[in-house]
Amino acid sequence: MKSDIFRISASLAAATVTALTPSSCGKGKPVATPEAVTHSELVGRWDGEQKCGSPIVRLRDDYTFSSKDFPVEWDGPVPDTQVTRRSSDGKWHGVNKDPGLPPYLALSFKNHNDIQILQFFLEHGELQMDGTVRADGGDPYPYPCHYKRTSVDPEA
(Lines give C-alpha, C1' and ligand atoms only; values in the text may rest on other atoms or scores of the structure.)
Protein backbone atom coordinates (compact mmCIF):
# COMPACT_ATOMS: atom_id res chain seq x y z
CA MET A 1 0.00 0.00 0.00
CA LYS A 2 2.79 2.42 0.95
CA SER A 3 4.64 1.77 -2.33
CA ASP A 4 1.41 2.45 -4.25
CA ILE A 5 1.19 5.83 -2.53
CA PHE A 6 4.82 6.55 -3.50
CA ARG A 7 4.09 5.66 -7.13
CA ILE A 8 0.91 7.74 -7.27
CA SER A 9 2.74 10.70 -5.70
CA ALA A 10 5.70 10.22 -8.03
CA SER A 11 3.43 9.99 -11.06
CA LEU A 12 1.70 13.22 -10.11
CA ALA A 13 5.03 14.89 -9.47
CA ALA A 14 6.37 13.69 -12.83
CA ALA A 15 3.31 15.04 -14.61
CA THR A 16 3.73 18.36 -12.82
CA VAL A 17 7.42 18.56 -13.65
CA THR A 18 6.78 17.64 -17.27
CA ALA A 19 4.10 20.31 -17.56
CA LEU A 20 5.94 23.03 -15.63
CA THR A 21 9.63 22.61 -16.25
CA PRO A 22 9.83 23.94 -19.82
CA SER A 23 8.22 27.20 -18.73
CA SER A 24 10.14 27.50 -15.46
CA CYS A 25 13.60 26.50 -16.73
CA GLY A 26 13.73 28.22 -20.08
CA LYS A 27 11.80 28.93 -23.22
CA GLY A 28 10.37 25.55 -24.11
CA LYS A 29 13.73 23.78 -24.08
CA PRO A 30 13.47 20.09 -23.30
CA VAL A 31 14.70 19.25 -19.83
CA ALA A 32 17.39 16.62 -19.54
CA THR A 33 16.85 14.00 -16.90
CA PRO A 34 19.56 11.65 -15.68
CA GLU A 35 19.15 7.94 -16.36
CA ALA A 36 20.06 7.18 -12.76
CA VAL A 37 21.43 8.83 -9.65
CA THR A 38 23.87 7.32 -7.19
CA HIS A 39 23.93 7.48 -3.40
CA SER A 40 27.18 9.47 -3.48
CA GLU A 41 25.60 12.09 -5.79
CA LEU A 42 22.78 12.66 -3.30
CA VAL A 43 24.44 12.78 0.12
CA GLY A 44 25.18 16.34 1.14
CA ARG A 45 23.60 19.73 1.64
CA TRP A 46 20.99 20.83 -0.92
CA ASP A 47 19.98 24.49 -0.98
CA GLY A 48 16.76 25.77 -2.53
CA GLU A 49 16.56 28.97 -4.52
CA GLN A 50 16.26 32.29 -2.72
CA LYS A 51 12.97 33.02 -4.52
CA CYS A 52 11.42 30.03 -2.72
CA GLY A 53 12.61 31.04 0.73
CA SER A 54 16.10 29.47 0.70
CA PRO A 55 15.13 26.07 2.14
CA ILE A 56 17.85 23.59 3.08
CA VAL A 57 17.77 19.79 2.93
CA ARG A 58 20.62 17.79 4.45
CA LEU A 59 20.77 14.21 3.09
CA ARG A 60 22.95 12.01 5.28
CA ASP A 61 24.77 8.80 4.39
CA ASP A 62 22.55 6.72 6.72
CA TYR A 63 19.40 7.71 4.74
CA THR A 64 18.22 10.25 7.32
CA PHE A 65 17.63 13.89 6.47
CA SER A 66 16.83 17.18 8.12
CA SER A 67 15.13 20.11 6.47
CA LYS A 68 14.78 23.80 7.21
CA ASP A 69 11.93 25.86 5.76
CA PHE A 70 11.05 23.17 3.21
CA PRO A 71 7.93 24.25 1.24
CA VAL A 72 5.22 21.56 1.37
CA GLU A 73 2.05 23.44 0.46
CA TRP A 74 1.01 26.69 -1.21
CA ASP A 75 -2.44 28.26 -1.41
CA GLY A 76 -1.87 29.87 -4.82
CA PRO A 77 -1.34 33.39 -6.18
CA VAL A 78 -4.00 35.11 -4.09
CA PRO A 79 -3.86 38.11 -1.77
CA ASP A 80 -2.15 37.13 1.48
CA THR A 81 -0.74 34.01 -0.17
CA GLN A 82 0.74 31.50 2.27
CA VAL A 83 3.46 28.90 1.85
CA THR A 84 3.44 26.13 4.44
CA ARG A 85 6.99 25.21 5.35
CA ARG A 86 8.37 22.35 7.36
CA SER A 87 11.57 22.19 9.39
CA SER A 88 11.78 18.54 10.30
CA ASP A 89 13.74 15.35 9.88
CA GLY A 90 12.99 11.90 8.55
CA LYS A 91 14.13 9.22 6.10
CA TRP A 92 14.97 9.59 2.40
CA HIS A 93 15.55 7.30 -0.54
CA GLY A 94 16.36 7.77 -4.19
CA VAL A 95 14.37 5.87 -6.79
CA ASN A 96 15.94 5.01 -10.15
CA LYS A 97 13.78 2.22 -11.51
CA ASP A 98 10.14 3.23 -11.38
CA PRO A 99 8.77 2.34 -14.84
CA GLY A 100 7.98 5.37 -16.95
CA LEU A 101 9.38 7.88 -14.46
CA PRO A 102 12.71 9.68 -14.29
CA PRO A 103 14.75 9.25 -11.09
CA TYR A 104 13.31 10.97 -8.02
CA LEU A 105 13.90 11.50 -4.32
CA ALA A 106 11.29 10.57 -1.72
CA LEU A 107 11.35 12.37 1.64
CA SER A 108 9.31 10.82 4.45
CA PHE A 109 8.93 13.30 7.32
CA LYS A 110 9.05 11.96 10.89
CA ASN A 111 5.96 12.74 12.98
CA HIS A 112 4.03 13.83 9.87
CA ASN A 113 1.90 11.73 7.58
CA ASP A 114 3.59 13.32 4.60
CA ILE A 115 5.83 12.27 1.74
CA GLN A 116 7.43 14.77 -0.62
CA ILE A 117 8.72 13.77 -4.05
CA LEU A 118 11.48 15.74 -5.81
CA GLN A 119 12.33 14.94 -9.43
CA PHE A 120 15.94 15.05 -10.65
CA PHE A 121 16.95 17.00 -13.72
CA LEU A 122 20.16 18.24 -15.32
CA GLU A 123 20.81 21.90 -15.95
CA HIS A 124 24.05 22.63 -17.79
CA GLY A 125 25.16 19.11 -16.87
CA GLU A 126 24.63 19.73 -13.13
CA LEU A 127 22.29 17.51 -11.11
CA GLN A 128 19.43 19.43 -9.51
CA MET A 129 16.11 18.61 -7.84
CA ASP A 130 12.73 20.11 -8.62
CA GLY A 131 10.63 20.69 -5.52
CA THR A 132 7.78 22.57 -7.22
CA VAL A 133 4.73 22.79 -4.97
CA ARG A 134 1.25 23.03 -6.51
CA ALA A 135 -1.57 25.08 -5.07
CA ASP A 136 -4.51 23.08 -3.75
CA GLY A 137 -7.84 23.36 -5.56
CA GLY A 138 -8.73 25.17 -8.77
CA ASP A 139 -6.11 25.51 -11.46
CA PRO A 140 -2.73 23.94 -10.66
CA TYR A 141 -0.60 26.99 -9.90
CA PRO A 142 3.07 26.15 -9.43
CA TYR A 143 5.35 27.47 -6.70
CA PRO A 144 8.72 26.58 -8.26
CA CYS A 145 11.66 25.63 -6.08
CA HIS A 146 14.81 24.07 -7.46
CA TYR A 147 17.60 22.69 -5.31
CA LYS A 148 21.35 22.45 -5.96
CA ARG A 149 23.83 20.44 -3.95
CA THR A 150 26.11 23.03 -2.37
CA SER A 151 28.28 20.65 -0.33
CA VAL A 152 29.06 16.95 -0.15
CA ASP A 153 29.05 17.38 3.64
CA PRO A 154 25.45 17.50 4.89
CA GLU A 155 26.48 19.47 7.98
CA ALA A 156 28.35 22.20 6.07
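Criteria and thresholds
- Residues numbered from 1 in each chain as written.
- Predicted model: local features only at pLDDT ≥ 70, side-chain atom pairs only at ≥ 80, totals over all residues.
- Heavy atoms only, no water.
- Phe/Tyr/Trp six-rings, centres within 6.5 Å; stacked < 30°, edge-to-face > 60°.
- Helix = DSSP H or I, 4+ residues; strand = E, 2+ residues; numbered from the N terminus.
- Buried < 20%, exposed > 50% of the residue type's maximum accessible area, 1.4 Å probe, protein only.
- Lys NZ or Arg CZ within 6 Å of the ring centre and 35° of its normal.
- Pairing = 2+ DSSP bridges.
- Axes fitted to C-alpha atoms, helices over the stretch in contact; angles between N-to-C directions.
- Core = buried A, V, L, I, M, F, W, Y, C linked by side-chain atoms within 4.5 Å.
- Contact = heavy atoms within 4.5 Å.

A. Just the packing of aromatic side chains, in detail. Counting across every chain of the model gives 5 aromatic pairs. Ring plane angle 40 degrees and centroid distance 5.3 Å describe the contact between Trp-74 and Tyr-143, whose orientation is recorded as tilted. Taken together, the positions of Trp-74 in strand β4 (residues 70-74) and Tyr-143 in strand β11 (residues 142-143) put the pair 69 residues apart, joining distant regions of the chain. There is no split in this pair, since Trp-74 and Tyr-143 are both buried. Seen from the ring of Phe-109, Arg-86 lies directly overhead, with NZ or CZ sitting 5.1 Å from the centre.

B. Molecular detail of the sheet that holds strand β1 (residues 44-48). The strand order around the closed barrel built from 8 strands is β1-β2-β3-β6-β7-β8-β9-β12, with neighbouring strands paired in antiparallel fashion. Taken pair by pair, the neighbouring strands of this sheet meet at an average axis angle of 35 degrees, ignoring direction. In this sheet, strand β6 (residues 89-95) lies alongside strand β3 (residues 64-68) in antiparallel orientation, the contact comprising 3 bridges. Each bridged residue has a counterpart across the sheet, and for Ser-66 the counterpart in β6 is Asp-89.

C. Representation of the pairing of β6 in the model. By the bridge criterion, 6 bridges tie β6 to strand β7 (residues 104-109) in an arrangement that is antiparallel. Along β7, the bridge assignment pairs His-93 with Ala-106.

D. Structural context of the nonpolar core. Residues Leu-42, Leu-59, Leu-105 and Leu-107 are the most contacted members of the largest nonpolar core, which totals 24 residues. Looking at this core, the elements with two or more residues in it are β2 (56-59), β4, β7, β8 (115-123) and β9 (126-130).

E. Spatial organisation of the environment of Phe-70. Inspection of the secondary structure puts Phe-70 in strand β4. Judged by its relative accessible area of 1%, Phe-70 is buried. Phe-70 has contacts with Pro-55, Val-57, Thr-84, Arg-85, Arg-86, Leu-107, Phe-109, Gln-116, Leu-118 and Tyr-147, leaving out every residue within four places of it along the chain.

F. Summary view of the environment of Ile-117. Tracing the backbone shows Ile-117 in strand β8. Taking relative accessible area as the criterion, Ile-117 reaches 12% and is therefore assigned buried. Taking C-alpha positions, Ile-117 is 5.7 Å from Leu-105, a pair spaced 12 residues apart along the chain.

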